[in-house]
Structures are given as C-alpha cells and as structure tokens.
Amino acid sequence: MPIAIVTGASSGIGAASARRLAAEGFTVVLAARRADRLAELVTQITEAGGSAVAVPCDVTSDESVAELATAVADLAESAGREEGGPDERVTLLVNNAGGALGLDPVEHGSVDDWRWMHEVNVLGTLRVTKALLPLLEASEAGTIVMLSSTAGFIVYEGGGGYSAAKHAMTAMTGTLRLELAGRPVRVIEVDPGMVRTDEFATNRFRGDTERAAAVYAGVEMPLTADDIADCVAWCATRPQHVNIDRLVVRPLAQAAQHKVAKGRIGRQAD
C-alpha cells in the first residue's frame, strides 16, 4: 500500500481525509497532538477495513516533526520487509494542521494570536514539508496537498491574522511548486470556503459555542469535513502527470467571503 501522511488528523477535515484516503487504499499515518483521538481514529479505520498508524506530533516542534519523519521512514521500511520487496512508497502528504484564533480588527489584534496562527499554519507546514519531502521524492510519484483557505487570497474584516497566515501558506505553495518543477512531486492547494466542522469555529472563539454557531446561522448546508476530504482524495488520486494547482470549493450558499445567502436554496438532492 502507498503511504499517506495527514497532519491535524485528530478532528475535522484531517480526520475525514484520513478515513477517505484509507478507503482509497492508502496506509494513513495520522499525525496530531491528541494521542487519544488518534487511537480512536485508528480503530475506526481498521474496523472499516483500512490501514492506519498513529504518530502523535506537534507541528510547532522541530523535534516532534523529526520524530514523525523517522516513524514514517521506519513504517515504509518495515512494510516493505513484510511484503518481501522494496520499501513501501511514501506518496502523499496532506498538510492540514492549522487553525484560527479570534476575530479582532487589526487595530486591536493580539500579537500572541497572530504568532500562534503563523507558527501552526505557516511554520508548521514548512517543518513537515521539509522533513517528508525526501521520502516523497524518493517514491518518484509524490504529492503534497496544502489545505489552505479562501482566506489565502481574499481578506475580510476581523480575519487579518488568519488571512495573513493563509496568504503566507498560499505563497509558500506556489513557490514550492516552482522550485520542484522537473522533480517527481506534485504540489496541490485546496482552498475551502465556509466549512462547518466540529472544532474550527469553536476553537477560534475559545470554546464559545454560541458565537461559533452564529457563524453558520441561517446558512443552508455549509460544507462539511467529508466534502473537503472528497476533494483531497480526488486531487490526490488523479494520474500523476495531472496537477491540480488550486481547487477552490465553497458551499452553494457562499458566493464570496462577504456574500452568503441565508435560508433555503432550491430542492435538496434525494
């Protein structure tokens, strides 16, 4: 089985992507800080007939990311021995770890919040990419999926810190694609708009569930984590010569960052 690594795999889009990639035939390495959540996800995936391994990892730590890379290399080597052939190929990295804090205007922005968002979304992605790129390139069929956001190219009031971090991630993605031209690694950016997951907005507002729910109030069918996982899997499973540079995905109700329709829209699918 080819090996895929998913960061931020303990919940939301990361967990959904891990489940979907396992169903597509990958052995999925689940990387996130919460070991208990990863263990639960391994059980879910294996009970569904898939293959998954949990590797607790903090993307803000150089040492932790180095341990992740070592664990992935060891997994590839041991899987190859079990199959009686060469090492299993590490073909996919999904850089999903990230998040937002606060919705303050720039004039009242929290330096600590901005620093955390940059550390996780940008530097965390940099650490993981650097650590795993040699294994991806060695597969001769590598793919890096960057889970960014529409905030990576459109700003909005109160989103300065998050938009700045995602703009930086988008810039890193485009630069990496240029630098890897001629080498066997694709670089794909997936930019979701409004996605309702179990934790994103709640974490943004530090556990204020009412404020988090208000973000989606009246919006018919925001995107779900499974919707984005479907996009990730589709991009990752195209023929290797096909590179989806950027996939922007929003719910029908959201025409733009600032234009979101409320209420029922048309007849729901059966």
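Residues numbered from 1 in each chain as written. Predicted model: local features only at pLDDT ≥ 70, side-chain atom pairs only at ≥ 80, totals over all residues. Heavy atoms only, no water.

Participant: Kindly report on helix H1 (residues 12-23), identifying the contributing residues and their values.
Facilitator: Residue pairs three or four apart in sequence face the same way in an α-helix, which turns once every 3.6 residues. Taking 1.5 Å as the rise per residue, H1 with 12 residues should run 16 Å; its terminal C-alpha atoms sit 17 Å apart, in good agreement. In terms of burial, H1 is largely enclosed, as nine of its 12 residues are buried. Listing the buried residues of H1 in full gives Gly12, Ile13, Gly14, Ala15, Ala16, Ser17, Ala18, Leu21 and Ala22. Positive phi shows up at Gly25, right after H1, with a value of about 105 degrees. (Helix = DSSP H or I, 4+ residues; strand = E, 2+ residues; numbered from the N terminus. Expected span 1.5 Å × (residues − 1). Buried < 20%, exposed > 50% of the residue type's maximum accessible area, 1.4 Å probe, protein only.)

Participant: Give me the lowdown on the packing of helix H4 (residues 111-138) against helix H5 (residues 160-179), citing residues and values where you can.
Facilitator: In the contact formed by H4 and H5, the axes pass within 8 Å of each other and the chain directions differ by 15 degrees. Our classification of the angle between H4 and H5 gives roughly parallel. Between H4 and H5 lies a crossing of right-handed hand. Judged by residue contacts, Trp114, Met117, His118, Asn121, Val122, Thr125, Leu126 and Thr129 of H4 engage Gly160, Gly161, Tyr162, Ala164, Ala165, Lys166, Ala168, Met169, Met172 and Leu176 from H5. Residue composition of the contact of H4 with H5, grouped by class: 11 nonpolar, six polar and one charged. (Axes fitted to C-alpha atoms, helices over the stretch in contact; angles between N-to-C directions. Parallel < 35°, antiparallel > 145°, perpendicular 65-115°, else oblique. Left-handed = near helix turned anticlockwise from the far one by under 90°. Contact = heavy atoms within 4.5 Å. Nonpolar A, V, L, I, M, F, W, Y, C, P; charged D, E, K, R; others polar.)

Participant: Residue-level account of the sheet that holds strand E5 (residues 142-147), with values.
Facilitator: Ordered in space as E3-E2-E1-E4-E5-E6-E7, the seven strands form an open sheet in which the pairing is parallel. On the outer flanks of this sheet lie strand E3 (51-56) and strand E7 (246-249), each paired with one strand and no other. Along the sheet, successive strands turn relative to each other by an average axial angle of 15 degrees, direction set aside. Across six bridges, E5 lies against strand E6 (residues 185-192) in parallel orientation. Directly across from Met146, in E6, lies its bridge partner Glu189. Sheet contacts for helix H2 (residues 35-47): strand E2 (27-32) and E3; angle to E3, the most-contacted strand, approximately 175 degrees. (Pairing = 2+ DSSP bridges.)

Participant: A description of the side chain of Thr129 should follow, citing residues and the corresponding values.
Facilitator: Inspection of the secondary structure puts Thr129 in helix H4. With residues near it in sequence (within four places) discarded, Thr129 still touches Leu93, Asn95, Ile144, Met146 and Leu176.

Participant: Please give an account of the pattern of salt bridges that cites residues and values.
Facilitator: By the definition in use, this model includes 10 salt bridges. As a salt-bridge pair, Glu24 and Arg20 come within 3.1 Å of each other at their nearest N and O atoms. Judged by its relative accessible area of 28%, Arg20 falls in the partly exposed class. With a closest N to O distance of 2.7 Å, Arg127 and Asp62 form a salt bridge. Taken together, the positions of Arg127 in helix H4 and Asp62 in helix H3 (residues 62-83) put the pair 65 residues apart, joining distant regions of the chain. Connected through salt bridges with shared partners, the residues Arg20, Glu24 and Asp230 form a single ionic network. (Salt bridge = Lys/Arg side-chain N within 4 Å of Asp/Glu carboxyl O.)

Participant: If you had to explain the pairing of E3 to someone new, which residues and values would you point to?
Facilitator: Within a regular strand, side chains alternate between the sheet's two faces. Bridge count between E2 and E3: six bridges; the pairing is parallel. Paired with Ala32 across the bridge in E3 is Pro56. Handedness of the crossover is the feature at issue here: the chain leaves E2, passes through H2, returns alongside E3, and the resulting connection is right-handed. (Right-handed = clockwise from strand over helix to strand, strands pointing away.)

Participant: Could you give an account of unusual backbone geometry, with specific residues and numbers?
Facilitator: Backbone geometry at Glu140 places phi at a positive 65 degrees, although glycine is not the residue there. Relative to the helices and strands, Glu140 is located in the loop between H4 and E5. Located in the positive-phi region is Met221, a residue other than glycine, with phi close to 55 degrees. On the accessibility criterion, Met221 (57% relative accessible area) is exposed.

Remember that the coordinates give geometry; whether it matters functionally is a separate question.
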